[in-house]
Amino acid sequence: PGPAAGRLGAGSAMSLRERSASGSVEAGEDAAATLAESDGPDRCLSLLPWDRFSAWLHCVCVVGFDLELGQAVEVIYPPHSKLTDKEKTNICYLSFPDSNSGCLGDTLFCFRFRRSPGRKVSLCCFLDQLDRDLPIYLKKDPAYYYGYVYFRQVRDKSLKRGYFQKSLVLISKLPYVHLFRTILKQIAPEYFEKSEAFLEAVCNDVDRWPPPIPGKILHLPIMGMIMKLRIPTYRDKPGTTPVVQNTHQADAQISMALPTVHEVDLFRCFCPVFFHIQMLWELVLLGEPLVVMAPSPSESSETVLALISCISPLKYCSDFRPYFTIHDSEFKEYTTRTQAPPSVILGVTNPFFAKTLQHWPHIIRIGDIKLPGEVPKQVKVKKLKNLKTLDSKPGVYTSYKPYLNKDEDIVKQLQKGVQQKRPTEAQSVILRRYFLELTESFIIPLERYVASLMPLQKCISPWKSPPQLRQFSQDDFMKTLEKAGPQLTSGLKGDWIGLYRHFLKSPNFDGWFRSRQKEMTQKLEALHLEALCNENLVFWSQKHTEVETVDLVLKLKNKLLQADREQLPVKTDTLKKLQTHINDIILALPDDLQDILLKTGTT
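Residues numbered from 1 in each chain as written. Predicted model: local features only at pLDDT ≥ 70, side-chain atom pairs only at ≥ 80, totals over all residues. Heavy atoms only, no water.

Undergrad: Just give me the short version of the overall build of the chain, but keep the residues and values in it.
TA: For the chain, the helix and strand inventory stands at 21 helices and 13 strands. Going through the 603 residues of the chain one by one, you find that 53% of them count as buried. A separation threshold of at least 6 residues defines the contact pool for the chain, and within that pool the share at least 24 residues apart is 74%. Accessible surface, the chain as shown: approximately 28500 Å² in total, 53% of it carbon and sulfur. (Helix = DSSP H or I, 4+ residues; strand = E, 2+ residues; numbered from the N terminus. Buried < 20%, exposed > 50% of the residue type's maximum accessible area, 1.4 Å probe, protein only. Contact = heavy atoms within 4.5 Å. Areas by Shrake-Rupley, 256 points an atom, 1.4 Å probe, with all protein chains shown as cover.)

Undergrad: Break down unusual backbone geometry for me, with residues and values.
TA: For the bond from Y77 to P78, the omega torsion is -5°, close enough to zero to count as cis. Counting through the fold element by element, P78 comes out in the loop between β2 (70–77) and α4 (85–94). The omega torsion of the bond from S312 to P313 falls at 10°, within 30 degrees of zero and hence cis. Relative to the helices and strands, P313 resides in the loop between α10 (297–309) and β10 (319–321). If you check the backbone angles, W50 has positive phi at about 80° while not being a glycine. You can see W50 is positioned in the loop between α2 (41–46) and α3 (51–56). Looking at W50, the relative accessible area reads 17%, which means it is buried. Despite not being glycine, Q567 has its phi angle at roughly 50°, a positive value. Its location among the elements puts Q567 in the loop between α19 (546–565) and α20 (572–587).

Undergrad: I'd like a description of the sheet that holds β2, backed by residues and values.
TA: In sheet architecture, strand pairing relies on hydrogen bonds along the backbone and comes in two forms, parallel and antiparallel. Strand order in this open sheet of 5 strands is β2-β1-β5-β4-β3, and the pairing throughout is antiparallel. Sheet topology places β2 and β3 (105–114) at the edges, where each strand pairs with a single neighbour. Adjacent strand axes in the sheet meet at a mean angle of 25°, parallel and antiparallel pairs treated alike. With 10 bridges connecting them, strand β4 (residues 144–155) and strand β5 (residues 163–172) associate as antiparallel partners. (Pairing = 2+ DSSP bridges. Axes fitted to C-alpha atoms, helices over the stretch in contact; angles between N-to-C directions.)

Undergrad: Lay out the pattern of salt bridges in plain terms, naming residues and giving numbers.
TA: In this structure the tally under the stated criterion is 22 salt bridges. A salt bridge links D319 to R112, with the nearest nitrogen and oxygen atoms 2.7 Å apart. With D319 in strand β10 and R112 in strand β3, this pair connects stretches of sequence that are 207 residues apart. In this structure D319 comes out as buried when scored by relative accessible area, which is 8%. Of the charged contacts, one joins R514 and D510 as a salt bridge, the two residues approaching to 2.9 Å between their closest N and O atoms. Of the two residues, R514 and D510 are both situated in helix α17 (residues 507–533); the distance of 4 residues between them amounts to about one turn of the helix. (Salt bridge = Lys/Arg side-chain N within 4 Å of Asp/Glu carboxyl O.)

Undergrad: Can you lay out α19 for me, pointing to particular residues and giving the numbers?
TA: Taking 1.5 Å of rise per residue, the 20 residues of α19 would be expected to cover 28 Å, and the 28 Å separating its terminal C-alpha atoms lies within 8% of that figure. Every buried residue of α19 is listed here: T549, V550, L552, V553, L556, K557, K559, L560, Q562 and A563. Lining the buried residues of α19 we find α17, α18 (537–542), α20 and α21 (591–599). Downstream of α19 by a residue or two, Q567 has a phi angle that is positive, lying close to 50°. (Expected span 1.5 Å × (residues − 1).)

Undergrad: Outline the environment of P351, supporting the account with residue identities and numerical values.
TA: Here P351 shows up in the loop between β11 (344–348) and α12 (352–356). Given the relative accessible area of 40%, P351 is considered partly exposed. Taking the C-alpha atoms as reference, P351 lies 9.5 Å from A294; in sequence the two are 57 residues apart.

Undergrad: Now, about the packing of helix α14 (residues 424–451) against α17: what can you tell me, with residues and values included?
TA: One way to put it is that α14 packs onto α17 with a least axis distance of 11 Å and a crossing angle of 35°. The interaxial crossing formed by α14 with α17 has right-handed handedness. Contacts between α14 and α17 involve I443, L446, E447, V450 and A451 on the former and, on the latter, F509, W512, F513, R516 and M520. Residue composition of the contact of α14 with α17, grouped by class: 8 nonpolar, no polar and 2 charged. (Left-handed = near helix turned anticlockwise from the far one by under 90°. Nonpolar A, V, L, I, M, F, W, Y, C, P; charged D, E, K, R; others polar.)

Undergrad: Got a sec to walk through the sheet that holds strand β13 (residues 395–398)? Specific residues and values, please.
TA: Strands sit in the order β10-β11-β9-β12-β13 across an open sheet of 5 strands; the sheet is mixed. Each edge of the open sheet carries a strand with a single partner, namely β10 and β13. With strand direction ignored, the average angle separating the axes of adjacent strands in the sheet is 15°. By the bridge criterion, 4 bridges tie strand β9 (residues 290–293) to β11 in an arrangement that is parallel. Within β11, the residue paired with V291 across the bridge is L346. Along the sheet, helix α9 (residues 277–285) makes contact with β9, β11, β12 (362–365) and β13, crossing β13 at roughly 50°.

Undergrad: Describe the packing of aromatic side chains, listing the residues and the values that go with them.
TA: Two aromatic rings are characterised by how far apart their centres lie and by the angle between their planes. All told, the structure shown has 36 aromatic pairs when counted by the stated rule. Both rings, one in Y316 and one in F320, keep their centres 6.2 Å apart while their planes meet at 65°; by these two values the pair is edge-to-face. A single burial state applies to Y316 and to F320, both of which are buried. Aromatic ring contacts, followed pair by pair, group W281, F442, Y449, F472, F477, Y500, F503, F509, W512 and F513 into a single cluster. Here R112 stacks its cationic end above the ring of Y144, 3.8 Å away from the centre of that ring. Between R112 and the ring centre of F320, over which it is positioned, the NZ or CZ distance is 4.0 Å. (Phe/Tyr/Trp six-rings, centres within 6.5 Å; stacked < 30°, edge-to-face > 60°. Lys NZ or Arg CZ within 6 Å of the ring centre and 35° of its normal.)

Undergrad: Describe the pairing of β9, with residues and values.
TA: Both faces of β9 are covered, namely the face carrying L290 and V292 and the face carrying V291 and M293. As paired strands, β9 and β12 are joined by 4 bridges and run parallel to one another. Pairing of V292 across the sheet is with I364, part of β12.

Shown next as structure tokens:
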């Protein structure tokens, strides 16, 4: 073992991920177990009406078309749900395809929009604790809502416009696109026939659901059917999905097992840009400004979601809009020419964008997404100046030169699959594994270097503040690549150093490093707590003045509060032991001080 072996858990290639997982695995399991137990009758009493609903959805909206007003929110359920005027306007415009899309029949898609600032968080905190057990790429972003849309447009001569146009929209903070899409397919067609009373019944069903606990098999009843699913946890091995078995309930209710809550059909989405998947992975990894121009919101939203998922298990840290319109409240901010295009991925369908966004450096043009019946032909990257209109040929328009050499094997493997009529699910599995291995090869050297910034265990003293992490040095990191770079796990050649230099300036690096810093700082705080617990604190207090002892008690109380507030990866036994130490020290003090200290909480 090298010099890093003596550090806190720094040794193996994925040491930091494993350490953070194992360090807080007990704490996480304790929390999940408590929540699972709390999902009994006693807990139901303390959960208010609609609390269970709020854990999954913010509200359900119906958006219709009014001849005088245009698109308008007709129904919000539950009626007490709060949406600001700006949020309602965004929902109205984002819930209908652009008129040029010509979406006749039923269309499913999703969008994402900013929440209005200054809103209070209505969800009780015990549900927010569930967030910590999720993989980083599934954690909620409190600044955004998702809208999951089922839009119906059919000819109706009895209406003035000659068309029936309506959208059923689920508004949620959760990025579980496959789950909400499945729900919409079950409820929307029936809603369009039955109207409001049916919607109320659906919402009442959702309000009976258990909390969205990661790692647990959940049974969710919805209109006479039961969905079985499992939300991933950060402890799952990346790239594995525990299978949820499909069974029929004894009471003959239909049970449907969902293979995933959040994944999209990767191969289907990348088919139109089949030969450029590796370059697109680089563009997403580096947080480059990307526009997806598609014929309908279904294609635009699925492609944007496929793009952000291709760097998993890394989280895509910039903004992304699966469907973006000229009415969006951020339209001016994102299309201005007075500054460089922002780090954002936009999915658009309006031909107006071909002109408005032609100064953007990378544009993906998608035709109708169809699975190829024969092997796709090799397509060159197109020059941006050739993109005049939205009618331009499908392809990638950019002058970007990839850092890595092209991996011909994955292209051949997928082409062979097309020839052999391999199912699209199997093609997606191959593609997802390819992206995962590429991302992990890239991130392992960073994980290994960041783990070495952790102080040595011997530096932690109970009587001093926890030691600080060492500073991240780009030069030091680059030096590690010669012997411990991506070449250990990937056969791909190319300018890996250039790719790392570019990545270190990107929002994705910033987000990833902040998250790692927080994990490691919390680990140091947890180790410091354990060191304190292993000291004979009562003996220490007997050798010090009352003032020093009171100061120690207040500091220890603050430590306990911090452990709870920041959910430090500390075993429950450690916290109990520390509480016992505090009580023993207080009981050894004079009565008047005991009274004061027993009553005193701290900040």
